[in-house]
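These are the residues of each chain, in order.
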2 protein chains.
Amino acid sequence: MAKKVTIYDIAEKLNIAAATVSRALNDNPKISDATKKLVMETAEKMNYRQNRLAIALKSGKTNNVGVIVPRVNTNFFGSVIRGIEDELNASGYQVIICQTHNDEEKEADNVESLLNSQVDAIFMSTSSRNTDTFDKILKKKIPLIFFDRKKTMDNVSSVTIDDFAGGYIATKHLIDQGCKKIAHVSTGDLNIEIFRERFAGYKQALYDNNIPYSEDYVLTTKSNIEDGREAVKKLFSLKNKPDAIFSASDFVALGAIKELQEMKIKVPKDVAIVGFSNEPFTNFLELSISTVDQFPLEMGRMTARVFLAQTDMTDLDKIQKKVVIEPKLIVRKSSDRRS
Amino acid sequence: MAKKVTIYDIAEKLNIAAATVSRALNDNPKISDATKKLVMETAEKMNYRQNRLAIALKSGKTNNVGVIVPRVNTNFFGSVIRGIEDELNASGYQVIICQTHNDEEKEADNVESLLNSQVDAIFMSTSSRNTDTFDKILKKKIPLIFFDRKKTMDNVSSVTIDDFAGGYIATKHLIDQGCKKIAHVSTGDLNIEIFRERFAGYKQALYDNNIPYSEDYVLTTKSNIEDGREAVKKLFSLKNKPDAIFSASDFVALGAIKELQEMKIKVPKDVAIVGFSNEPFTNFLELSISTVDQFPLEMGRMTARVFLAQTDMTDLDKIQKKVVIEPKLIVRKSSDRRS
DNA sequence: CTGTTAGCGCCTTCAA
DNA sequence: TTGAAGGCGCTAACAG
């Protein structure tokens, strides 16, 4: 290990006090320009570098923020993280990444570890059902902000899209295309709020348009292509086959389309499809997929901004903020019957 | 801020010395089981949490590793990061993410910031041409490990794929398909080693198979769909039009295919295409794209392992490791003329 | 304007 | 087996 040069080394060399060096380095107004300049130069010359650890220990503020997501290598979470990093980095914060792999225990471990690291805040898209872990964070008075997969809690800010609206506009669009028998394939757990809300939006759209709701048309799967194929197999073994599918996942939508095509069922003529997330690939396909954009970059930036805003406030002003981004329906070939 | 409970609080409550508490907490063998148990319980009860900052300041080891990439929201880098995180997290490290946006200055800033944070190592896929920044890291005796976009330097380990081989097998495959006039579209800067090597592999394959090399067939673009289209426009305005394209980017390959299709040129019959990276979408398309897999998850894991291995060694053993992962050609429809 | 002192939370000698 | 003291690098309060 290279011997670290500290302010004491500089002080010694210059025959002044360490505190003076510290002040000079921090551009304290009470230091003469002469000493300031001298200190700066010597620091440079000696290859001095401030130790953020010491500052953090002293100040109780690390300028680190922990971000917990299921996985980092998906377009959605990657983009959210990018948004967070872009915004926070500009304010001198660094971002520590943790993955849960959708495992509650792993999530708890991550929280524990981040708290030990004294992060100034934790942003997360949770995979947990119980709230014990969140309580731990709040008990430490560390700001907790949910994005996307939130948990409705007091004193906790969140940044999400309006998933209910997302489900609603997707379903409404299918209805407008003339579909009457609309299936819904949800992903993950209906215990997770966002999926429940998309589902609720779907139901509401049916209700508002006098279309009967049928449990047979609702499936729950994982978010991948193979499960999309399976879902279609199940749905099309029903006596009363659907004429549209609203999927809460673009991957499931893709699998569904592939399976339908193999079954010689025409998309969108016989069955119209809408996915969710606006994954880039949905737009690359010859039969491009209609979907709902969640604005992940924006979501990340917003999450960071909510935190920064909170930080600037006095305790009294620290009210929870529930930021809701309006999702956007993107109509593409898989559901467009006009042409 | 919730008053932090420290080992002193525990010591006070138990009427013992803080040092004893510290030892008990760290399972020091010289502490009686009775006190150990007592301390553990009280710590639990008081909701004590060890402060990693203090430990880091004392020990000079933060257990944080900085990772610098151009962007986090791409499949490739997202997957590398996931690999790194998976592996390091298991060893008690946390990962700090920084993005450069392909900006050298930003990269330098990130390095500076990570060094101030006293990270135990820096992993990066560099966007820089000069090596000043790297020297700073090495001067601090902080392990620096490159992945993917490396810079050949002494005392620096790297984990990459064999980009030369990647270029070679892609080109060789096209030759085997009967192509004689193979264009190469490179992305980014040929100053970046990996692109230069893919290009070199391409040339070598031509040479080994007695196919004349022509500068007209080599273009440099950015890695996106639109530039892929442009590249095709340029290549097909030549008198002597190519019958194959090896692209160093899947996105460029996609753009190329789309443009060719609009020009009524058949892929792969008239023009065979091979991309690079095995982005997920290449496999989703009706006309799936042949490509070269870079095993990003593996790359991330390897990078982490190289670091962990180095850490376990004595100084004398700390030799640089150049890990090279063999890339894999994946033949899909865009270049498969057998069918 | 500058120096002295103390302390952030922990661990690690050195003593007992 | 346990306690006391010092220090990691820095800043802030208190003196001059």
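This is a predicted model, so every value here is computed, not measured. (Residues numbered from 1 in each chain as written. Chains lettered and ligands numbered in written order. Predicted model: local features only at pLDDT ≥ 70, side-chain atom pairs only at ≥ 80, totals over all residues.)

As for helix H10 (residues 225–235) of chain A
Convention followed: Exposure criterion: with C-beta atoms placed from backbone coordinates, a residue whose C-beta has 20 or more other C-beta atoms within 10 Å is buried, one with 12 or fewer is exposed, and one in between is partly exposed. Starting at the N terminus, helices and strands are each numbered in turn, a helix being any DSSP run of H or I of at least four residues and a strand any DSSP run of E of at least two. Think of it this way: build a C-beta for each residue from its backbone, and any pair within 7 Å is a contact.
Along H10 of chain A, the residues classified as buried are Ile-225, Asp-227, Gly-228, Arg-229, Ala-231, Val-232 and Leu-235 of chain A. On its buried face, H10 of chain A sits against strand E6 (182–187), strand E7 (218–221) and helix H11 (250–262) of chain A.

Digging into the protein's contact with DNA strand D
Inclusion rule: In this entry, near means the residue's backbone-placed C-beta atom lies within 6 Å of the molecule or strand. The residue classification treats Ala, Val, Leu, Ile, Met, Phe, Trp, Tyr, Cys and Pro as nonpolar and Asp, Glu, Lys and Arg as charged. All others, Gly included, are polar.
Near DNA strand D you find 24 residues, and of these Thr-6, Ala-19, Ser-22 and Ala-54 of chain A together with Thr-20 of chain B are the closest. At the level of elements, helix H2 (18–25) and helix H4 (52–59) of chain A together with helix H2 (18–25) and helix H4 (52–59) of chain B are the ones that each hand at least two residues to the surface near DNA strand D. Tallied by class, residues from the surface near DNA strand D come to 12 nonpolar, 8 polar and 4 charged.

Structural notes on the interface of chain A and chain B
Quick reminder of the rule: Paired strands are those between which DSSP finds at least two bridges.
Contacts between the two partners involve 42 residues from chain A, matched on the other side by 42 residues from chain B. Those elements that provide at least two residues to the side of chain A that touches chain B are H4, helix H5 (75–89), strand E2 (94–99), helix H6 (104–116) and helix H12 (281–284) of chain A. A total of 6 residues in the side of chain A that touches chain B trace back to one element, the largest contributor, which is H5 of chain A. Grouping the amino acids of the side of chain A that touches chain B by side-chain chemistry returns 17 nonpolar, 16 polar and 9 charged. Of the pairings in the sheet, the one linking E2 of chain A to strand E2 (residues 94–99) of chain B comprises 3 bridges and is antiparallel in character.

Focus: the sheet that holds strand E8 (residues 244–247) of chain A
Residues and elements named next belong to chain A. The cut-off we apply is this: To get an axis, a line is fitted to the C-alpha atoms, and for a helix only the part in contact is used. The angle between two axes follows their N-to-C directions and goes from 0 to 180 degrees.
Strand order across the open sheet formed by 4 strands is E7-E6-E8-E9, with parallel pairing between neighbours. At either end of the open sheet lies a strand with only one pairing partner, and these are E7 and strand E9 (272–274). Adjacent strand axes in the sheet meet at a mean angle of 15°, parallel and antiparallel pairs treated alike. Summarising the sheet, E8 and E9 pair through 3 bridges and their orientation is parallel.

Thoughts on the domain arrangement of chain A
Definition in use: Each domain's limits were defined by an automated method or a database of domain assignments.
As assigned here, chain A comprises domain 1 (7–50), domain 2 (63–160 + 296–325) and domain 3 (163–294). Each of domain 1 of chain A and domain 2 of chain A was reduced to a C-alpha centroid, and the two centroids are 37 Å apart.

A look at the protein's contact with DNA strand C
In the vicinity of DNA strand C, 25 residues are found, and the nearest of them are Ala-19 and Thr-20 of chain A together with Thr-6, Ala-19 and Ala-54 of chain B. A per-class count over the surface near DNA strand C returns 12 nonpolar, 8 polar and 5 charged.

Looking at the nonpolar core
Note that soluble globular proteins tend to have their nonpolar side chains buried in a common cluster. In plain terms, the rule: Note on terminology: a nonpolar core is a set of buried residues of type Ala, Val, Leu, Ile, Met, Phe, Trp, Tyr or Cys, with members joined through C-beta atoms within 7 Å.
One finds Ala-244, Ala-256 and Ile-273 of chain A together with Ala-244, Ala-256 and Ile-273 of chain B to be the most contacted residues of the largest nonpolar core, which totals 86 residues. With sequence-adjacent residues up to four places away left out, Ile-273 of chain B is seen in contact with Ile-245, Ala-253, Ala-256, Ile-257, Val-267, Pro-268, Ile-289, Ser-290, Ser-334 and Ser-335 of chain B. Core analysis: the second largest hydrophobic core is formed by 74 residues, Val-95 and Val-119 of chain A together with Phe-77 and Leu-144 of chain B among them.

Observations regarding unusual backbone geometry
Residues and elements named next belong to chain A. The omega angle of the peptide bond from Val-267 to Pro-268 is 5°, so this bond is cis rather than trans. The topology assignment puts Pro-268 in the loop between H11 and E9. One non-glycine residue, Asn-63, lies in positive phi territory at about 65°. Positionally, Asn-63 belongs in the loop between H4 and strand E1 (64–69). For Asn-63, a count of 18 C-beta atoms within 10 Å translates into the label partly exposed.

Quick notes on the sheet that holds strand E7 (residues 218–221) of chain B
All names here are of chain B. Strand order in the open sheet formed by 4 strands is E7-E6-E8-E9, with parallel pairing between adjacent strands. At either end of the open sheet lies a strand with only one pairing partner, and these are E7 and strand E9 (272–274). Across the sheet, the mean angle separating the axes of adjacent strands is 15° when strand polarity is ignored. Running over the sheet, helix H11 (residues 250–262) touches strand E6 (182–187), E7, strand E8 (244–247) and E9 and is turned about 155° from E8.

Remarks on the relation of the copies chain A and chain B
This is how the line gets drawn: In this comparison the copies share one frame, found by least squares on the C-alpha atoms of residues holding pLDDT of at least 70 in both.
For the pair chain A and chain B, the superposition axis carries a translation of 0.0 Å, the fit reaches an RMSD of 0.1 Å, and the rotation angle comes to 180°. The superposition operator between the copies reduces to a two-fold rotation axis. Within chain A, the C-alpha atom positioned nearest to the axis of rotation is that of Ile-96 of chain A, 2.2 Å from it. When the interface residues of chain A are mapped onto chain B, 100% of them again lie at the interface, so the same face is used by both copies.

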